[in-house]
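Each chain is listed here by its residues.
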Amino acid sequence: MDPVVIPILVAALVVVFLVAATVRIVPQARRYNIERFGRYRRTLQPGLNFVLPVADRVNTKLDVREQVYSSDPKPVITEDNLVVNIDTVLYYQITDPRAAAYEVADYLQAIDQLTVTTLRNVIGSMDLEATLTSREEINARLRAVLDDATGKWGIRVNRVEIKAIDPPNTIKEAMEKQMRAERDKRAAILHAEGERQAKILTAEGTKQKDILEAQGTQQAMILRADGESKAVELVFQAVHRNNADAKVLAYKYLETLPHLAQSDNNTFWVIPGELTEAIRTVTTAFGDQSAGAGAGAGAGPSVSAEREDAAAADVAAGDKDGVGAPEIEPNSTLALDAVAAADEAAKEAAAAVSDAKAEAEAAGETRLPGRGRASGA
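Residues numbered from 1 in each chain as written. Predicted model: local features only at pLDDT ≥ 70, side-chain atom pairs only at ≥ 80, totals over all residues. Heavy atoms only, no water.

The chain has the name SPFH domain-containing protein in an unreviewed UniProt entry, where Streptomyces sp. JL1001 is given as its organism. One UniProt comment on the chain, placed under Subcellular location (unreviewed entry), says "Membrane". UniProt, in the comment section headed Sequence similarities (unreviewed entry), describes the chain in these words: "Belongs to the band 7/mec-2 family." (UniProt positions renumbered as here; feature names shortened; annotations may be inferred.)

Listed below in structure tokens is the structure:
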């Protein structure tokens, strides 16, 4: 090998080594602390940087991004002497790489121990129930203490969160029983409230129904009473306008009486004192017709009268001789005359009743037509 080539190669290697030792490329979000002869010199920023070879060296490489640190569960005693295990999550960021490297030996361990002591101070002034329900307050107090203590270390604590609070198993069982009792209580209260509302609504509905039914019944009774009042008024006006006689009124009176006993609720009803007078009036009217018919049939001597006299003489003779009165034979003329008279009287009475009803309904005439026919006969 040429003796000249060897020095050239050695010089090239020295130059490469010096260049490599002089140039430092720092990635983004990283910071390098440079020491010169063991003393802090400066902090390299991201990008291309130059240092003195052999004299300068990189002491620490730090990440200035926000980082998350999750601690292990730590036992903490509450104010009511219960031990609970608490897990915390810490969000921090390095703001001063020099302080983070030279002010504290291990900032993560320092933050962890500071978190534990602060938790014990905060939780020690709270009971279990307040501890379980005051996480926001605990987080705020932890963050204030940690941010104040870590500021001189070049670290900013952005957020502290309690990840879990684990009470003892016996406390968990007691809490579960308490929550179950509370849920049962709320369910019973809601059920009772539902039944109460249902009963109130049912009562309101029944009340409204009774009120509406009573109002309907009242309106119906008022309308029925108005109708009956108008009907009675019309009948009264018709009677007084046509001047009906006492016999027609008596007959209508007797015709109305059976309606008094038609109701199912009537256990007894009182017969008014005018009933006898009405019956007497109707009877007198029918009696006058019967008398008029009898007078017209016996106006002169007839065979029936002679037969009756003969029958009376025979009865007297039979009594005198000790023999009973002779029986009237079914085919005798006297029996036939009596039957005919009875039929005639029944027909006259039926005609009188029919005429009286027609006259009462029409209220147009003042005398019974049957009476006129009977007198004419």
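Having seen the structure, we can now continue with the description.
In spatial order, the strands read β3-β2-β5; together these three strands make up an open sheet with antiparallel pairing. Edge positions in the open sheet fall to β3 (39–44) and β5 (56–63), since each of these has one partner strand only. Neighbour to neighbour, the strand axes of the sheet diverge by 25° on average, direction disregarded. Of the pairings in the sheet, the one linking strand β2 (residues 30–36) to β3 comprises five bridges and is antiparallel in character. If you follow R36 over to β3, its bridge partner there is R39. (Pairing = 2+ DSSP bridges. Helix = DSSP H or I, 4+ residues; strand = E, 2+ residues; numbered from the N terminus. Axes fitted to C-alpha atoms, helices over the stretch in contact; angles between N-to-C directions.)

Taken together, the side chains of I6, V10, V14, F17, L18 and V54 present a nonpolar region at the surface, about 570 Å² in accessible area. Here V54 lies in the loop between β4 (47–50) and β5. Note on V54: relative accessible area 72%, which makes it exposed. (Patch = residues over 30% accessible without salt bridge, like charges linked within 9 Å, V, L, I, M, F, W, Y side chains within 5 Å. Areas by Shrake-Rupley, 256 points an atom, 1.4 Å probe, with all protein chains shown as cover. Salt bridge = Lys/Arg side-chain N within 4 Å of Asp/Glu carboxyl O. Buried < 20%, exposed > 50% of the residue type's maximum accessible area, 1.4 Å probe, protein only.)

Where helix α3 (residues 107–123) contacts helix α5 (residues 135–150), the two axes come as close as 10 Å, and the packing angle between them is 140°. Classified by the interaxial angle, the pair formed by α3 and α5 is oblique. You can see that α3 and α5 cross each other, and the crossing is right-handed. On α5, the residues that touch I111, L114, T115, T118, L119, V122 and I123 of α3 are I138, R141, L142, V145, L146, A149 and T150. Class assignment for the residues of the contact of α3 with α5 results in ten nonpolar, three polar and one charged. (Parallel < 35°, antiparallel > 145°, perpendicular 65-115°, else oblique. Left-handed = near helix turned anticlockwise from the far one by under 90°. Contact = heavy atoms within 4.5 Å. Nonpolar A, V, L, I, M, F, W, Y, C, P; charged D, E, K, R; others polar.)

Structurally, T150 is set in helix α5. Overall, T150 belongs to the buried group, its relative accessible area being 0%. A polar atom in the side chain of T150 sits 2.6 Å from the backbone oxygen of L146. When neighbours within four sequence positions are excluded, T150 is seen to be in contact with I111, I155 and V157. (Polar contact = N/O pair within 3.5 Å; in protein donor to acceptor, adjacent residues only side chain to side chain.)

Further remarks concern the nonpolar core. Within the largest apolar cluster, 29 residues are counted, with the highest numbers of intra-cluster contacts made by I86, L90, I138 and I155. Secondary structure elements with two or more residues in this core: β8 (83–94), α3, α5 and β9 (155–166). Element by element, the count of residues in this core is highest for α3, at seven residues. Sequence-distant contacts of I155, defined by excluding residues within four places in its chain, comprise Y92, Q93, I94, T95, Y107, I111 and T150. (Core = buried A, V, L, I, M, F, W, Y, C linked by side-chain atoms within 4.5 Å.)

Quick look at the pattern of salt bridges now. Throughout the structure, instances matching the rule amount to eight salt bridges. The partner of D56 in a salt bridge is R36, and the shortest N-O contact between them spans 2.5 Å. Within this pair, whereas D56 is found in strand β5, its partner R36 is found in strand β2, the two being separated by 20 residues in sequence. D112 is the salt-bridge partner of K74, the closest N and O atoms lying 3.8 Å from each other. With K74 in strand β7 (residues 74–77) and D112 in helix α3, this pair connects stretches of sequence that are 38 residues apart. The same class applies to K74 and to D112, which are both buried. Taken together, the shared-partner salt bridges connect R30, D63 and R65 into one network.

Glancing now at the side chain of T88. Relative to the helices and strands, T88 is located in strand β8. Reaching out from T88, the side chain makes a polar contact with the side chain of S71 at a distance of 2.7 Å. Beyond its immediate sequence surroundings of up to four residues, T88 is in contact with Y69, S70, S71, T115, L119, E161, I162 and K163.

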